[in-house]
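Structural overview
Each chain, letter by letter, is given below.
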Amino acid sequence: MKKNLFFYLFALVCAMPLFTSCSDDEETPVAPIEEEIAGNYGGTLEIQLFGQVISGDGIAQNVNVTKAGDNAISLSIVDFSFLGIQVGDINLSNCPLTSTGDNSYSFTAEPFELAAEDGSMTCTVTLNSGTIVDKILALDLSINAQLGAAQQDVTVTFTGERGVTAEIASSEAQITSFSFDTSVEANAAVLTQPVIDEEAHTITFTVEKGLDITALVPTIEVSEGATVTPASGEAVNFETGNASFTVVAEDGVTSVTYTVSCGITSLVRYDFETWATPEGAMSPEVVNPEGWATCNDAVALIKNLGFLGGITYTGEYPVRETADAHSGSKAAILESVDTQGGEIFGQVIPKVTAGSMFLGNFNAMAAMADPMATTEFGVVYNEKPVKVSGYFKYTPGTEFYNEAGELQADRKDACAISAVLYEVESEEETLNGSTIYTSDKVVAQAMFSTGEPVAEYTPFELNLEYVKDYDASKMYKFAVIFSASADGAAYNAAVGSTLYIDDVTIENEAVAE
């Protein structure tokens with residue numbers, strides 16, 4: 001700790017003129033400065049702390065010498081950096097030369113005091129010697145620092161040759177890229193690629209709950225010439241939630257440590273491979289994807305009781321399994337079908353019944369009192385959903401009918417995909433088609449809709465926007481809703497609008513209990 005603080009001190013010292021200005025009082029030139037002295041001197045800095053060399057084989061540095069007068073020179077250290085601190089140009093102006101022999105000169109300066117702005121440290125900087133002999137520049141500095149009762153002495157020397165340019169090692173110590181190749185089996189748990197916050201020196205990513213994170217293998221890129229530990233391609237254990245990665249710059253001295261953290265996320269996946277007749281279905285012909293409710297029960301009601309209102313619908317059920325899948329052998333197809341329109345027991349039957357599928361329950365008998373009450377949206381959910389994703393295809397129908405069964409030549413259909421999390425007091429409480437988007441119990445929601453044809457399976461993503469804080473101690477229900485006709489709940493839909501859905505994933509964020 002003391003060593004690092006002193007290095008910072010030294011950088012501050014170097015940012016200021018190391019020598020007091022002086023005049024060239026002598027009238028007779030002592031040297032052909034421009035011909036023999038002025039120019040770039042490339043060499044190395046050596047640093048000793050308590051008599052021990054701490055700069056390894058030396059730190060490459062360039063010093064530029066220019067003529068300031070007949071008997072004076074100025075010295076400039078361009079783009080000086082020290083232990084990762086970019087000091088900039090250091091200019092030592094109008095320093096007098098004294099001849100000490102053939103091609104041999106010296107220059108001196110009075111010691112000066114330097115104090116930290118916060119008063120925590122003072123130091124004395126002394127130029128022990130400055131010489132140029134046979135085109136070799138040599139500097140010898142002593143720095144005495146006082147930090148409270150502690151004293152530290154550092155010696156800094158520079159030796160450089162005229163006409164030589166030193167290749168200065170970079171002090172950049174940065175992770176420029178950090179990623180996981182998810183095709184590598186060891187990285188199967190990674191859900192989202194890492195995001196680098198360079199200002200905070202943190203990197204974050206997410207992994208799937210329950211999967212192995214004891215040997216994740218990152219691919220890392222760093223500043224040119226720098227090294228990182230643990231190295232790129234080395235297995236790292238993230239069981240504790242984070243790991244440290246240290247980058248050492250090309251100069252071998254500057255280092256930066258990054259904290260890499262993983263968030264734990266649970267996933268719920270639906271592949272629509274399993275279909276069955278749900279318990280309590282209106283007809284054994286009703287077949288739904290496992291875990292989902294559909295509008296098939298409403299059409300079963302029309303098929304079985306429609307004759308009482310003169311309705312004879314014999315077409316297919318709106319929600320069906322299909323072999324046209326994104327992956328696996330099955331997917332869900334939702335089609336808005338022509339159910340003719342009319343009445344059964346005084347209740348309106350729509351001209352077009354929109355193909356719909358949702359997490360929740362379909363209560364067909366509720367249609368006798370309130371058609372909107374048939375869709376009991378949501379299932380009890382004990383986690384915090386943050387994203388719903390999957391794949392879809394869509395073809396809008398060409399004949400659009402309104403709730404009165406009138407053909408609307410100027411209207412086009414659109415599909416809709418939505419997700420809603422809402423708070424409940426009991427498992428029996430539910431929101432339906434009239435309240436799912438407007439209730440003050442809604443905590444978070446997201447929606448996607450398009451009326452454009454989508455011929456190939458295309459990914460969709462719903463990122464839930466929270467309008468209220470999530471509280472793990474409360475009870476929630478969560479609904480994901482798919483509809484081939486966005487306004488189908490209001491009996492506005494086009495015959496033949498078709499929505500394909502496959503490989504749906506719900507991503508849940510870990511929360512403190």
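Structure first, text after, so check above.
Remember, predicted model here, so these are calculated numbers, not experimental data.

Points about the layout of surface pockets
If you add up the space inside the largest pocket, you get close to 680 Å³. Forming the boundary of the largest pocket are 38 residues, of which Thr 374, Thr 375, Gly 488, Ala 489 and Tyr 491 lie nearest the centre. Counted by class, the lining of the largest pocket contains 27 nonpolar, 10 polar and one charged residues. Within this model, the second largest pocket holds a volume of roughly 330 Å³. Lining the second largest pocket are 17 residues, and of these Leu 267, Arg 269, Ser 389, Asp 503 and Thr 505 sit closest to its centre. Considering only residue class, the lining of the second largest pocket consists of seven nonpolar, four polar and six charged.

Structural notes on the nonpolar core
Core analysis: the biggest nonpolar cluster contains 34 residues, and Val 388, Phe 482 and Ile 501 have the highest contact counts within it. Contributing elements (two or more residues each) for this core: β23 (331-335), β32 (384-395), β34 (415-424), β35 (442-450), β36 (454-463), β38 (475-483) and β40 (498-509). Every residue in contact with Val 388, bar those within four places of it in the chain, is listed here: Ala 419, Phe 460, Glu 461, Leu 462, Leu 464, Phe 478, Val 480, Val 504, Thr 505 and Ile 506. Ile 33, Leu 45, Ile 59 and Phe 107 belong to the second-largest nonpolar core, a separate cluster that totals 28 residues.

A few points about the pairing of β35
In this sheet, β35 lies alongside β34 in antiparallel orientation, the contact comprising eight bridges. Of the residues in β35, the one forming a bridge with Ser 418 is Met 447. Pairing analysis gives two bridges linking β35 to strand β37 (residues 465-466), with the strands arranged antiparallel. Counterpart to Ala 444 in the pairing with β37 is Tyr 466.

Here's the deal with the packing of aromatic side chains
Using the criterion set out here, one finds 14 aromatic pairs in the structure. Taking the centre distance of 5.8 Å and the plane angle of 75° together, the rings of Phe 178 and Phe 180 count as edge-to-face. The residues Phe 178 and Phe 180 share a single accessibility class, namely buried. Ring centres of Phe 358 and Phe 377 lie 4.8 Å apart, and the angle between their planes is 70°; on these two criteria the pair is classed as edge-to-face. Highlighted residues: Phe 358 in strand β28 (residues 356-358) and Phe 377 in strand β30 (residues 375-377), separated in sequence by 19 residues. No difference in accessibility class separates Phe 358 from Phe 377, as the two residues are buried. Taken together, the ring pairs connect Tyr 270, Phe 272, Trp 292, Phe 392, Phe 448, Phe 460 and Phe 482 into an aromatic cluster. Over the ring of Tyr 401 we find Lys 351, and its NZ or CZ is 5.0 Å from the ring centre. Lying over the aromatic face of Tyr 500, Lys 393 brings its terminal NZ or CZ to 4.6 Å of the ring centre.

Each value, and the rule that gives it
- Residues numbered from 1 in each chain as written.
- Predicted model: local features only at pLDDT ≥ 70, side-chain atom pairs only at ≥ 80, totals over all residues.
- Heavy atoms only, no water.
- 1 Å grid on protein atoms, 1.4 Å probe; cavity = no way out; pocket = protein on both sides within 12 Å on 5 of 7 lines; lining within 4 Å.
- Points joined across faces, edges and corners; volume = space filled by probe spheres on them.
- Nonpolar A, V, L, I, M, F, W, Y, C, P; charged D, E, K, R; others polar.
- Core = buried A, V, L, I, M, F, W, Y, C linked by side-chain atoms within 4.5 Å.
- Buried < 20%, exposed > 50% of the residue type's maximum accessible area, 1.4 Å probe, protein only.
- Helix = DSSP H or I, 4+ residues; strand = E, 2+ residues; numbered from the N terminus.
- Contact = heavy atoms within 4.5 Å.
- Pairing = 2+ DSSP bridges.
- Phe/Tyr/Trp six-rings, centres within 6.5 Å; stacked < 30°, edge-to-face > 60°.
- Lys NZ or Arg CZ within 6 Å of the ring centre and 35° of its normal.

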